[in-house]
Amino acid sequence: LDTDMATNQSPFIQEIDLRHEFQMLFSGGEFVKKGETYIYRKVRMKDGSKEKCSCWNNISNEGRSDCPHCDGIGYLWDDVLLKGHMWMPRNTLMPGENSYKSYGGKAGRLNNSEWLMATSYSLDFSDRDIIYRPEIDDSGKVILPIKPKKVYYITSVYRYGFDFDREDFTVLGLSEV
C-alpha cells in the first residue's frame, strides 16, 4: 500500500487541511486572492460583561455620542485586522421567494443578515460586535489614520468544521449600521 495515497482509512488519513486551504484562498497562494481587509471592533469583556466606557449613562443605558474613547458605542473595544470575503445572500433566492408574498422582503437564508462574511475560525465573535471596511488606497492598503468606509454589526455567528469536530472557518451574518 502506498502511504502517500489518501485512503481515508487509519493510519493513512490524509485529508485536505481545510484551515490551510481557506487561508490560501484568502492570500492568493494558489488562487486569485479573495480575501479583503476588514477591522473587527471587539468589545472588551470584564467579569463576563461588556466593559462600559466612562461616558456610560445608567439612566438611558447608552454611551455619549461624542465620546472620543468609545465613539458613542458606550463600551470599550479593541480593533483587530481581519481577512474575510463578504457577499450578499439576497442575490441567491430560495425556491418560492420570488412570489408576490415576499415582494419587498429580504430573500436568503438568514433573516436578520443583509451580508455574509467568511473568515477565520480563530477569532471569538459575538452578536452585536462591529466590523467595518476601512478606506484603502489604489494598491489595496489600509489608509492611516483608519477611517471606516462602511460599518456593519454582527447579527449571527456560525462556526463550521469539516473533519474531526474542529472549527475550520466562521461565517458571520452582518447588517449595515
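Residues numbered from 1 in each chain as written. Predicted model: local features only at pLDDT ≥ 70, side-chain atom pairs only at ≥ 80, totals over all residues. Heavy atoms only, no water.

S.K.: Please explain the pattern of salt bridges as it appears in this structure.
M.R.: Opposite charge on two side chains allows them to pair when their charged atoms are near. Under the defined criterion, the tally for this structure stands at eight salt bridges. The closest approach of N and O atoms between Asp-71 and Arg-41, which form a salt bridge, is 3.5 Å. Here the residue Asp-71 occupies a position in the loop between β3 (49-50) and β4 (77-87), and Arg-41 occupies one in strand β1 (residues 36-43), the gap between them amounting to 30 residues. Measuring nitrogen to oxygen at the nearest pair gives 3.5 Å for the salt bridge that ties Arg-41 to Asp-79. (Salt bridge = Lys/Arg side-chain N within 4 Å of Asp/Glu carboxyl O. Helix = DSSP H or I, 4+ residues; strand = E, 2+ residues; numbered from the N terminus.)

S.K.: Could you clarify how one ought to interpret the nonpolar core in this entry?
M.R.: Among soluble globular proteins, nonpolar side chains are generally buried collectively. In terms of nonpolar packing, the biggest core is built from twelve residues, these being Tyr-38, Tyr-40, Leu-82, Met-86, Trp-115, Met-117, Phe-125, Ile-131, Tyr-152, Ile-154, Leu-172 and Leu-174. For this core, the secondary-structure elements that each account for two or more residues are β1, β4, β5 (115-120), β7 (148-160) and β8 (169-176). Contact partners of Trp-115, with chain neighbours within four places excluded, come to Met-86, Trp-87, Met-88, Pro-89, Tyr-152, Leu-172, Gly-173, Leu-174 and Glu-176. The next biggest cluster of nonpolar side chains, apart from the first, holds six residues, and it includes Cys-53, Cys-55, Cys-70 and Trp-77. (Core = buried A, V, L, I, M, F, W, Y, C linked by side-chain atoms within 4.5 Å. Buried < 20%, exposed > 50% of the residue type's maximum accessible area, 1.4 Å probe, protein only. Contact = heavy atoms within 4.5 Å.)

S.K.: Whenever I open this one, the environment of Ile-131 confuses me. Can you help?
M.R.: Here Ile-131 is to be found in strand β6 (residues 130-134). For Ile-131, a relative accessible area of 0% translates into the label buried. When the C-alpha atoms of Ile-131 and Tyr-152 are compared, they prove to be 5.2 Å apart, with 21 residues separating the residues in sequence. Once residues within four sequence positions are removed from consideration, Ile-131 is found in contact with Tyr-38, Ile-39, Tyr-40, Leu-82, Met-117, Phe-125, Lys-150, Val-151, Tyr-152, Ile-154, Leu-172 and Leu-174.

S.K.: For this particular structure, what's the right way to read the packing of aromatic side chains?
M.R.: In this description, a pair of aromatic rings is defined by centroid distance and the angle of the planes. What the rule picks out here adds up to four aromatic pairs. Taking the centre distance of 4.7 Å and the plane angle of 50° together, the rings of Tyr-40 and Phe-125 count as tilted. Here Tyr-40, found in strand β1, pairs with Phe-125, found in the loop between β5 and β6; they are 85 residues apart in sequence, far enough to count as distant. Assessed through its relative accessible area of 1%, Tyr-40 is described here as buried. Classification of Phe-125 by relative accessible area gives buried; the value is 5%. Considering the side-chain rings of Trp-115 and Tyr-152, the 6.3 Å spacing of their centres and the 75° angle between planes classify their relative orientation as edge-to-face. Of this pair, Trp-115 sits in strand β5 while Tyr-152 sits in strand β7, and the two are 37 residues apart along the sequence. (Phe/Tyr/Trp six-rings, centres within 6.5 Å; stacked < 30°, edge-to-face > 60°.)

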